[in-house]
Amino acid sequence: MSRKSFRAADLIDQEGFAPSEAQAAMEQLHRYRLVSRYEDDPARFVAVPPDRARTLLLGEPVRKLNRLIREVDQTRYELSNLIPIYENSLLQRMSSHSVQLIEDLDTVRQLITEMSERCRSEVLTSQPGGGRPEDVLAESADRTSVLLDRGVRMRTIYQYAAQYDLPTIAFVENVTARGAEVRTITGSLTRLIVFDSAAALIELRDAPQGAVLVNEPSVVDFMVSAFERSWLNAAPFPTEYDRGRVHSVGDDVKSEIMRLMVRGEEDKVISRTIGISPRTCQRHISEIMQRIGARNRAHVGFLISERGLLADPGGQ
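As the structure is a computational prediction, the values presented were derived from the model and not from experiment. Counting restarts for each chain: residues are numbered from 1 in the order of the written sequence. Where totals are concerned, whole chains, interfaces and linings use all residues; where local detail is concerned, this predicted model gives features only for residues with pLDDT of at least 70, and gives and counts side-chain atom pairs only at 80 or more. Side-chain descriptors were evaluated using all non-hydrogen atoms of the structure, hydrogens and water having been removed beforehand.

### Here we look at the overall build of the protein
So, point 1. Strands are runs of DSSP state E lasting at least two residues, helices are runs of H or I lasting at least four, and both sets are numbered from the N terminus onward. The number of helices and strands found in the protein is 12 helices and 11 strands.
So, point 2. Partly exposed residues are those whose accessible area sits between 20% and 50% of the maximum for their type, while under 20% is buried and over 50% is exposed, using a 1.4 Å probe and protein chains only. When each of the 316 residues of the protein is scored for burial, the buried share is 37%.
So, point 3. Counting only contacts in the protein whose residues sit at least 6 apart along the sequence, the fraction spanning at least 24 positions is 66%.
So, point 4. Using a 1.4 Å probe, accessible areas were evaluated by the Shrake-Rupley method; residue-level cover was limited to the displayed protein chains. When the accessible surface of the protein is summed, it comes to about 19000 Å², and 52% of that surface belongs to carbon and sulfur atoms. By the convention used here, residues are in contact when the closest approach between their heavy atoms is within 4.5 Å.

So this is what it looks like as C-alpha cells:
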C-alpha cells in the first residue's frame, strides 16, 4: 500500500490481510506512532514519517533519561567533594575513642600515612619476626624519608632474624644514612608504632592485617616505657658481619631459647617469640640438647636449671 492515508478495511480488501491480522498490524503501527487518526474521521489513518514517530515515541523517555543522568552526575560530584573531608577526618574520628579496632589493611595504611604526616617529634617502631616483604619496605622507605627530612627522630627495633634478610639490610642502610636509629634484639617483641608519644598502633590479635589504635595517654606511656626497656637491651643493627659477631648472636639466641624451654614453651611459641622459622628453632634446640646431653625436652629444662646455665632461668 503506497497511499499516505487509509482505513483498516483497506488492509483487508487491498492487501489481503485477515481481519485479525489487520487489527494487529494497526495496533502495532499505532503503538509505534507510525500512524495517527483523522480528527473528523477516526476510522481513517494517516502515515507518520518515521523520524517524527521516533520523536513522538521517544521524546519524553529521552528527556527523563537525560534528567536522571544530570541528577546522577550532580550526586556523584557532591559525594566526590565529601571524600577529602572524610579522609582528613579519619584520624580525628578514631581519636575520639581510647581504643579503636581496625580490621582492614587499607585503613591501617591510611592511618599510618596520616599519623606520619602529623608527626612532629619522634616515631618508635618495633618489628617482630624476620625480614619484611619488599613491597612493605618500599612503602615504608618513602614515608620514613619524608619524616627524617622533616627532622623527626625515628627509632626501630627488629628481632634477630631480620639481620640476615638482604632487603631489610638494604632498607636499614638507607634509613640510618638519613639519621634513623635501628637496633636488634634476641628476645620477644611486639609489633608497635608510636607517634609523638601520643598515639600508638599495635597488631590486632588473630588478625595480622589489622591493628588497634590506642589514644589513652596512660596506655601509650606504658607502651613507650616497654619500648625503651627493649631499646636498652637491644644492639645496633649490623649491616656487616664478622665471624665473631655471628657466633655471638647465635649464642644469644640459644640462651633465649633455653630460657623459654625452662618455662616449658612449645617449639612454635619459641620460634614466634624469637622471630625465627620453626625449622631454625628446631635446629637450635637440637644443638642445645646435644651440647648439654639432654635425652628429651623435659630433661633439657632440668639440666639447664641444675647446671645454672642461665643466670635467671625465669626471667627475660
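Read on for the rest.
### Re the environment of alanine 170
So, point 1. Relative to the helices and strands, alanine 170 is located in helix H7 (residues 166-177).
So, point 2. Along the backbone, alanine 170 and leucine 137 are 33 residues apart, and their C-alpha atoms lie at a distance of 9.6 Å.

### A word on the sheet that holds strand E5 (residues 122-127)
So, point 1. Any two strands with at least two DSSP-identified bridges between them are counted as paired. Strand order in this open sheet of eight strands is E4-E10-E9-E8-E5-E6-E7-E11, and the pairing throughout is mixed. Because the sheet does not close on itself, it has two edges, and the strands there are strand E4 (99-102) and strand E11 (235-236).
So, point 2. Packed onto the sheet, helix H5 (residues 105-118) meets E4, strand E8 (192-195), strand E9 (199-204) and strand E10 (207-214) and runs at close to 40 degrees relative to E10. Lines are fitted to the C-alpha atoms to define the axes, a helix being fitted only along its stretch in contact, and any angle between axes, read from their N-to-C directions, falls within 0 to 180 degrees.

### What about the packing of helix H6 (residues 134-149) against H7?
So, point 1. Relative to each other, H6 and H7 sit at 5 degrees, their axes nearing to 11 Å. By the angle class used here, H6 and H7 are roughly parallel. Residues Glu134, Leu137, Ser140, Ala141, Thr144 and Leu148 of H6 pack against Pro167, Thr168, Phe171, Asn174 and Val175 of H7.
So, point 2. Any residue that is not Ala, Val, Leu, Ile, Met, Phe, Trp, Tyr, Cys, Pro, Asp, Glu, Lys or Arg is counted as polar, Gly included; the first ten are nonpolar and the last four charged. Its residues placed into classes, the contact of H6 with H7 shows six nonpolar, four polar and one charged. Every angle not falling under 35 degrees, over 145, or within 65 to 115 is termed oblique; those three ranges are roughly parallel, roughly antiparallel and roughly perpendicular.

### Comments concerning the packing of helix H11 (residues 278-292) against helix H12 (residues 297-307)
So, point 1. The interhelical angle for the contact between H11 and H12, taken along N-to-C directions, is 55 degrees, at an axis separation of 10 Å. Regarding the angle of H11 to H12, the classification is oblique. Helix-helix and strand crossings are classified by hand; for H11 and H12 the assignment is left-handed. Along its contact with H11, which presents Ile285, Met289 and Ile292, the element H12 presents Arg297, Val300, Leu303, Ile304 and Arg307. A clockwise turn of the near helix away from the far one marks a right-handed crossing, whereas an anticlockwise turn of less than a right angle marks a left-handed crossing.

### A few points about the pattern of salt bridges
Pairing between side chains of opposite charge can happen when their charged atoms approach one another.
So, point 1. Any Lys or Arg side-chain nitrogen located within 4 Å of an Asp or Glu carboxyl oxygen qualifies as a salt bridge. For the structure on display, the rule yields 12 salt bridges.
So, point 2. With a shortest N-O distance of 2.9 Å, glutamate 114 and arginine 118 are connected by a salt bridge. Of this pair, glutamate 114 and arginine 118 are both found in helix H5, four residues apart, which corresponds to roughly one turn of the helix.
So, point 3. Glutamate 114 gets classed as buried once you look at its relative accessible area, which sits at 8%.
So, point 4. On the accessibility criterion, arginine 118 (45% relative accessible area) is partly exposed.
So, point 5. Taking the shortest distance from any N to any O, the salt bridge between arginine 178 and aspartate 149 comes out at 3.3 Å. On the criterion of sequence distance, the pair formed by arginine 178 in the loop between H7 and strand E7 (181-185) and aspartate 149 in helix H6 is long-range, its members being 29 residues apart.
So, point 6. In this structure, a network of salt bridges that share partners links the residues Glu122, Arg153, Arg155, Glu181 and Glu228.

### Some remarks on the packing of aromatic side chains
So, point 1. Aromatic contacts are taken between Phe, Tyr and Trp rings whose centres are within 6.5 Å, Trp giving its six-membered ring; a plane angle under 30 degrees counts as stacked, one over 60 as edge-to-face, and the others as tilted. Summed over the entire model, instances satisfying the criterion amount to two aromatic pairs.
So, point 2. The interplanar angle of 70 degrees and the centroid separation of 5.8 Å between the aromatic rings of tyrosine 158 and phenylalanine 237 together place this pair among those described as edge-to-face. With tyrosine 158 in strand E6 (residues 153-159) and phenylalanine 237 in the loop between E11 and helix H9 (243-262), this pair connects stretches of sequence that are 79 residues apart.
So, point 3. The exposure class of tyrosine 158 is buried, given its relative accessible area of 1%.
So, point 4. Ring geometry for phenylalanine 227 and tryptophan 231: centres 5.9 Å apart, planes at 20 degrees, overall stacked. Of this pair, phenylalanine 227 and tryptophan 231 both sit in helix H8 (residues 217-233), four residues apart, which is roughly one turn of that helix.

### Describing the side chain of threonine 144
So, point 1. Position of threonine 144 among the secondary structure elements: in helix H6.
So, point 2. Among residues more than four places away in sequence, those in contact with threonine 144 are Met154, Phe171 and Val175.

### Digging into the nonpolar core
So, point 1. Here, the term nonpolar core denotes a set of buried Ala, Val, Leu, Ile, Met, Phe, Trp, Tyr and Cys residues that are joined through side-chain atoms within 4.5 Å. Counting 28 residues, the largest nonpolar core has Met115, Val123, Tyr158, Phe171, Phe195, Leu201 and Phe237 as the members making the most contacts within it.
So, point 2. The set of elements that each furnish at least two residues to this core consists of H5, H6, E6, H7, E8, E9 and E10.
So, point 3. In terms of nonpolar packing, the next biggest core, distinct from the first, is built from 20 residues, Ile257, Ile274, Ile288 and Leu303 among them.

### Overview of unusual backbone geometry
So, point 1. Positive phi values are uncommon outside glycine, yet aspartate 196 reaches one of about 55 degrees.
So, point 2. Overall, aspartate 196 belongs to the partly exposed group, its relative accessible area being 27%.
So, point 3. Positive phi, close to 55 degrees, is recorded for serine 197, a residue that is not glycine.
So, point 4. Relative to the helices and strands, serine 197 resides in the loop between E8 and E9.

### Focus on the confidence of the model for the protein
The predicted coordinates of low-pLDDT regions are not to be read in fine detail.
So, point 1. Per-residue confidence from the predictor is reported as pLDDT, a score between 0 and 100. The predicted model of the protein averages 80 in pLDDT, with 85% of residues at 70 or higher.
So, point 2. Taken element by element, the protein is modelled with least confidence in helix H4 (residues 90-95), mean pLDDT 59, and with most confidence in E8, mean pLDDT 95.
So, point 3. Counting contacts from residues 242-247, a segment whose pLDDT is below 50, to residues more than four positions away or on other chains yields seven contacts.
So, point 4. Within the model, pLDDT remains below 50 along residues 312-316, and this stretch shows 10 contacts once partners closer than five positions in the same chain are excluded.

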